[in-house]
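Report on the structure
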Amino acid sequence: MSTFLQAMTNGVLIGGVYALVAVGLTLIFGVMNTVNFAQGEFLMLGMFTTLMLAETARVDPYVFLVLVAVAFFVFGFLLEKYLIHRTIDRGHETQILLTLGLSVLFKSLALVIWGPNFRSAVVSYRLKSLYVGGVLISYPRLLSFGVAVVVMLALWFFLNRTELGRAMRASAVNRKSAALMGINPDLMYGLAFGIGIMLAAVGGVSLVPFYYVFPDVGAFFGTIAFVVVVLGGLGDILGAVVGALLIGVVEALTAQYVALDLSHLGVFLAFILVLLFRPQGLIRGKGWA
Amino acid sequence: MSLLEVESLCAGYGDLTIVWDVSLKVEEGEIAVLLGGNGAGKTTLIESIVGINPPQKGSIRFKGEEIQRRGVHRMAELGITLVPQGRGLFGSMSVLENLYLGSYAPIPRAKRAESLEYVYSLFPILRERKTQKAGSLSGGEQQMLAIGRAIMSDPQLLILDEPSLGLAPRLVETVFRSIVEIRRQKKIGVLLVEQNLRQALSVADRGYVLESGRMVLEGRPEDLEANEHVKRAYLGC
């Protein structure tokens, strides 16, 4: 029983990071109807940026959470304005080529700048855990999950309780009507992309204290994000959160009860089953939490 | 100076021209009706006026100012609001959120509370339904919401694209009555696009008939109604 609870806990905790990356992806898709194939690479860049800053300043990676978040929001906003925007009215093929190209570019740049080695941050609490009711809760993983929860609540508040957030949801539901209301679609695209990238980068920051940093790290998280987004229903934020936690748990249970190196098998098996039986997404069709 | 003045406008998509050399105007405080059958080019013309599909040729002046190069999202702040065909509601959002979005632009936002009360007084059912999802309303309620949302932007020119489409006769009457009411109380100009000729002309001050993308007739509603061509083509007598 306690191994089961342990696996569940691990799964839920890593699910927080999955949720951050996946919600970013689904938000961009919902508003822009663009699939960002570089989502994982933004997480990777967020990790490297944080690691470099933390090593240079010799302080805890979390010190740079807000700074990295703001920087990546601006980065995403400008990237949309000057690059992604040119593909918005083109077909999906053009958008895929562009974001896929960006992902290759970022990976190669990271390889050139930081080299292929696995790195990790030195933090005092890396191996610390809390022991609650027979379950070990890794301290850095708990922190990461906490960040995910806070960021999700902030995003919920932004989307549901602010003028701009409401406008963004409206653009996702009906672009033409939103423009008629006076909502500038270009601004919404920039915001959506900026926030989407920021969520991935924040996920990256929260991974640094307990995960290896290397140029290819984004590939894994990016793939998971796609699975999660399809599970949750394209463009559905609540669906992405639920999907992320579910995938985290499936992954951890497979690792525990089948084989450690087959954990992805469980993830993709779950994915195929959902595609077969609930292709519209776990919760509903396209909707906004 | 007219509220809206469209001159020699050509509109279409890509190389295809659908609306040819059309001119029309709407004066302040009047209801102008644009009539025409399916495929006459009414929606193309309207979408061209509000910038969804910018005109290929011609000029559009609002209160004397050229507006044809502005984007769609600038129309709300200028004072032009379109209730699109099919209503264009934000179906998965609540009634209240739809109304709030109507007053997204800065100037109407300052008057939001006041406009909301006015919309509720016009359509009391919307107050009862305010927490419901827009997509869950009945057809008539959805049309009221679409008009209410447009009123929230406190427009000077209200354009309605076939508001009676798909509504039961009794509801069509409610919708038309509300349009007349809004015009009377707010003194705004209304451009009403309709196929429902008899009812539309009964509320109009001015009428236009569009056929195959060309304006074939214009004039006072009673003259249009008496016109032999209109009688034969649209009234079935």
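With that settled, the discussion passes to the overall build of chain A. A count of helices and strands for chain A gives 11 helices and 2 strands. When its helices and strands are written in sequence order, chain A yields α-α-α-α-β-β-α-α-α-α-α-α-α. For a compact globule of 289 residues, the expected C-alpha radius of gyration is about 19 Å, and chain A comes in at 19 Å, within 12% of that figure. Taken over the C-alpha atoms alone, chain A extends approximately 55 × 45 × 35 Å along its principal axes. For chain A, buried positions account for 53% of its 289 residues. Sequence-distant contacts, at least 24 apart, represent 78% of the contacts inside chain A between residues at least 6 apart. Of the roughly 12400 Å² of accessible surface on chain A, 70% is carried by carbon and sulfur atoms. Counting 17 positive and 12 negative side-chain charges, chain A places the averaged centre of each group 6 Å from the other.

Residues and elements named next belong to chain B. In the Ramachandran plot, Arg87 falls in the positive-phi region, its phi being about 75 degrees despite a non-glycine side chain. Turning to its location among the elements, Arg87 is positioned in the loop between β6 (80-83) and α3 (95-102). The phi dihedral of Asp154 is positive, around 50 degrees, even though this residue is not glycine. Tracing the backbone shows Asp154 in the loop between α7 (139-152) and β7 (157-161). Residue Asp154 is classed as partly exposed on the basis of its relative accessible area of 24%.

The next subject is the interface of chain B and chain A. It is common to give the size of an interface as the accessible area lost on bringing the parts into contact. On the side of chain A, 20 residues touch chain B, which itself brings 23 residues to the contact. Between chain B and chain A, a total of about 1900 Å² is buried, with carbon and sulfur atoms accounting for 64% of that surface. On the chain B side of the interface with chain A, the three residues burying the most area are B:His73, B:Phe90 and B:Tyr104, jointly 33% of the side's total. The tally of links between chain B and chain A comes to 3 salt bridges. Residues B:Arg112 and A:Glu163 are paired through a salt bridge, measuring 2.6 Å at the closest nitrogen-oxygen approach. In this assembly, chain B and chain A are joined by 4 residue pairs in polar contact (both at pLDDT 80 or more). Ranked by residue count, the leading element in the side of chain B that touches chain A is α3(B), at 4 residues. Across the side of chain B that touches chain A, the residue classes break down as 13 nonpolar, 5 polar and 5 charged.

For the rest of this paragraph, the subject is the nonpolar core. For soluble globular proteins, the rule of thumb is that nonpolar side chains tend to be buried together. A:Met168 and B:Leu191 are the most contacted members of the largest nonpolar core, which has 120 residues in total. Once residues within four sequence positions are removed from consideration, A:Met168 is found in contact with A:Leu27, A:Val31, A:Phe158, A:Leu159, A:Met188, A:Leu191, A:Ala192 and A:Ile195.

Here strand β1 (residues 129-132) of chain A pairs with strand β2 (residues 135-138) of chain A via 4 bridges, running antiparallel. Following the sheet pairing, A:Val132 is matched in β2(A) by A:Val135.

Quick look at the packing of α3(B) against helix α5 (residues 112-122) of chain B now. Residues and elements named next belong to chain B. Interaxial distance between α3 and α5 falls to 10 Å at its minimum, and their mutual angle equals 125 degrees. It follows that α3 is oblique to α5 by the angle criterion. Considering the relative orientation of α3 and α5, their crossing is right-handed. Counted together, Leu96, Leu99 and Tyr100 of α3 and Arg112, Leu116, Val119 and Tyr120 of α5 form the full contact between these two elements. The residue makeup of the contact of α3 with α5, split by class, is 6 nonpolar, no polar and 1 charged.

On to the sheet that holds strand β4 (residues 57-62) of chain B, then. Residue and element names in this part refer to chain B. Ordered by their spatial adjacency, 4 strands build an open sheet running β2-β1-β4-β5, and the pairing between neighbours is antiparallel. The sheet terminates laterally at β2 (16-26) and β5 (65-66), the two strands that pair on one side only. When strand β1 (residues 4-13) meets β4, the two strands line up antiparallel, connected through 5 bridges. Residue Cys10 lies in a different strand from β4, and its bridge partner there is Lys57. In this fold helix α1 (residues 42-49) packs onto β1, β2 and β4, with an angle of close to 115 degrees to the strand it touches most, β1.

What counts, and at which threshold
Residues numbered from 1 in each chain as written. Chains lettered and ligands numbered in written order. Predicted model: local features only at pLDDT ≥ 70, side-chain atom pairs only at ≥ 80, totals over all residues. Heavy atoms only, no water. Helix = DSSP H or I, 4+ residues; strand = E, 2+ residues; numbered from the N terminus. Rg over C-alpha atoms; globule rule 2.2 N^0.38 Å. Buried < 20%, exposed > 50% of the residue type's maximum accessible area, 1.4 Å probe, protein only. Contact = heavy atoms within 4.5 Å. Areas by Shrake-Rupley, 256 points an atom, 1.4 Å probe, with all protein chains shown as cover. Lys, Arg positive; Asp, Glu negative; His and termini not counted. Charge placed at Lys NZ, Arg CZ, Asp CG, Glu CD. Buried area = accessible area lost by both parts, 1.4 Å probe. Salt bridge = Lys/Arg side-chain N within 4 Å of Asp/Glu carboxyl O. Polar contact = N/O pair within 3.5 Å; in protein donor to acceptor, adjacent residues only side chain to side chain. Nonpolar A, V, L, I, M, F, W, Y, C, P; charged D, E, K, R; others polar. Core = buried A, V, L, I, M, F, W, Y, C linked by side-chain atoms within 4.5 Å. Pairing = 2+ DSSP bridges. Axes fitted to C-alpha atoms, helices over the stretch in contact; angles between N-to-C directions. Parallel < 35°, antiparallel > 145°, perpendicular 65-115°, else oblique. Left-handed = near helix turned anticlockwise from the far one by under 90°.

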